[in-house]
Amino acid sequence: MRAGGAAAVGAWAAPPADVLEDLLPLVRDPNDEVKIQVCEVLSGWSGGTERVVEGLCQALAEDDSAWVQSSAALALGRIGTGAARAGPALLRAAQTGEAGVREQAMRALVMIQPPEATEAFTSGLADATAEVRMVASAGWMKAEAVPASAGPALVEALRDPEPQVRANAAHALARLEELPTGAVTALRECAGDPNDGLRLNAALALRQAPSAEAADLMEHLLNDPNVRVRLVAAGAILSVTPTHPHAAEVVLAATDDQSPRVRQAVEELLPLIPKEPAGSDASKGEAPLAPTGM
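Residues numbered from 1 in each chain as written. Predicted model: local features only at pLDDT ≥ 70, side-chain atom pairs only at ≥ 80, totals over all residues. Heavy atoms only, no water.

**Focus on the overall build of the protein**
So, step 1. Scanning the protein for helices and strands turns up 17 helices and zero strands.
So, step 2. Buried residues in the protein amount to 48% of all 294 residues.
So, step 3. Put simply, 57% of the contacts in the protein that link residues at least 6 apart link residues at least 24 apart.
So, step 4. For the protein, the computed accessible surface area is about 15,100 Å², with 53% contributed by carbon and sulfur atoms. (Helix = DSSP H or I, 4+ residues; strand = E, 2+ residues; numbered from the N terminus. Buried < 20%, exposed > 50% of the residue type's maximum accessible area, 1.4 Å probe, protein only. Contact = heavy atoms within 4.5 Å. Areas by Shrake-Rupley, 256 points an atom, 1.4 Å probe, with all protein chains shown as cover.)

In structure tokens:
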């Protein structure tokens, strides 16, 4: 009956204030089904009020059911940035809870992005559970910035057994102003992986490396089967050697690609290719006439 009552009021768009007062104590109900239903309802129309966030944090930190803890974390994530004060509780859950709780707490941290998210994403890269590592690595993609302090953990994540974790780590490294020690070697290995997304993100990150350390690899990637990888390599080469013929060919060959994202990349790279002098045969699109022998 209590669970059904909570579900019923959850259908209201704007419940009376006294209803919230009746619901909040139920996050400590002796029945798990009731607590889970209340968590779902609170996340739907609470607006992230202080008392609601505190109640959900209490369920996350103190309840003896991993099911309830996961539901509380899910509710906090649904509230979003309005639950920023839940950062410390979510960090503890992401580091010390059961596997399912750690994963859900990490997902909530990705959605909320409180100050504690940086520590959670960094430590989560070394979690024993693959799902938690994938969520933690993906968290950097939504983070406003990637701090240099996360560099060593991201380099280590480039050797994760999960391709998606490696791809996410490479994407995060591409956002740094300078690659940390050991990153270039690991990224070069990732650039040879069969996974297209991993090769692409590795190539993006290697643009931050000194050109001498990645020049040969970029030359090789000009022949990659994936057009986006080829364009990244072409851009890296043209930024150093604007007259590189093969790199220019890669860019020009993709001008009529069906993908809008690819065409946008081409538009950004075209200015790197020197234009032919006005009046030259090449600029007119005509080849010079061959001698007639007369």
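The rest of the description comes next.
**Considering the layout of surface pockets**
So, step 1. In this structure, the largest pocket spans a volume of roughly 330 Å³.
So, step 2. Lining the largest pocket are 14 residues, with L204, R207, V232, A265 and E268 sitting closest to its centre.
So, step 3. The set of elements that each furnish at least two residues to the lining of the largest pocket consists of helix 13 (196–206), helix 15 (227–238) and helix 17 (260–269).
So, step 4. Here the lining of the largest pocket takes six residues from helix 17, the largest share from any one element.
So, step 5. In the lining of the largest pocket, the residues fall into eight nonpolar, two polar and four charged.
So, step 6. Roughly 220 Å³ of internal volume is contained in the second largest pocket.
So, step 7. Residue lining of the second largest pocket: 14 residues in total, with S211, A215, A236, I237 and V240 positioned closest to the centre. (1 Å grid on protein atoms, 1.4 Å probe; cavity = no way out; pocket = protein on both sides within 12 Å on 5 of 7 lines; lining within 4 Å. Points joined across faces, edges and corners; volume = space filled by probe spheres on them. Nonpolar A, V, L, I, M, F, W, Y, C, P; charged D, E, K, R; others polar.)

**A look at the side chain of H244**
So, step 1. The topology assignment puts H244 in the loop between helix 15 and helix 16 (245–253).
So, step 2. Within the structure, the side chain of H244 is placed 3.1 Å from the backbone nitrogen of A247, a separation counted as a polar contact.
So, step 3. Non-local contacts of H244, meaning those with residues more than four positions away in its chain, are made with E219, L222, I237 and L238. (Polar contact = N/O pair within 3.5 Å; in protein donor to acceptor, adjacent residues only side chain to side chain.)

**Digging into helix 8 (residues 117–124)**
So, step 1. Listed as buried for helix 8 are A117, A120, F121 and G124. Down the axis of helix 8, the smallest arc covering the buried residues is 95°, so these residues share one side.
So, step 2. Those residues of helix 8 hidden inside the fold are in contact with helix 6 (87–96), helix 7 (99–112) and helix 9 (130–142). (Arc of directions from axis to C-beta.)

**With respect to the confidence of the model for the protein**
So, step 1. With 86% of its residues at a pLDDT of 70 or more, the protein shows a mean pLDDT of 88.
So, step 2. Here residues 282–294 is a poorly scored stretch, pLDDT under 50, and it has seven contacts once near neighbours within four places are set aside; other chains count. (pLDDT = per-residue confidence, 0-100.)

**A few points about the packing of helix 7 against helix 8**
So, step 1. One way to put it is that helix 7 packs onto helix 8 with a least axis distance of 10 Å and a crossing angle of 135°. As judged from the angle between their axes, helix 7 and helix 8 are oblique. Relative to helix 8, the crossing made by helix 7 is left-handed. Two secondary-structure elements touch here, helix 7 through M106, L109 and V110 and helix 8 through A117, A120, F121 and G124.
So, step 2. Here the residues of the contact of helix 7 with helix 8 are counted per class, giving six nonpolar, one polar and no charged. (Axes fitted to C-alpha atoms, helices over the stretch in contact; angles between N-to-C directions. Parallel < 35°, antiparallel > 145°, perpendicular 65-115°, else oblique. Left-handed = near helix turned anticlockwise from the far one by under 90°.)

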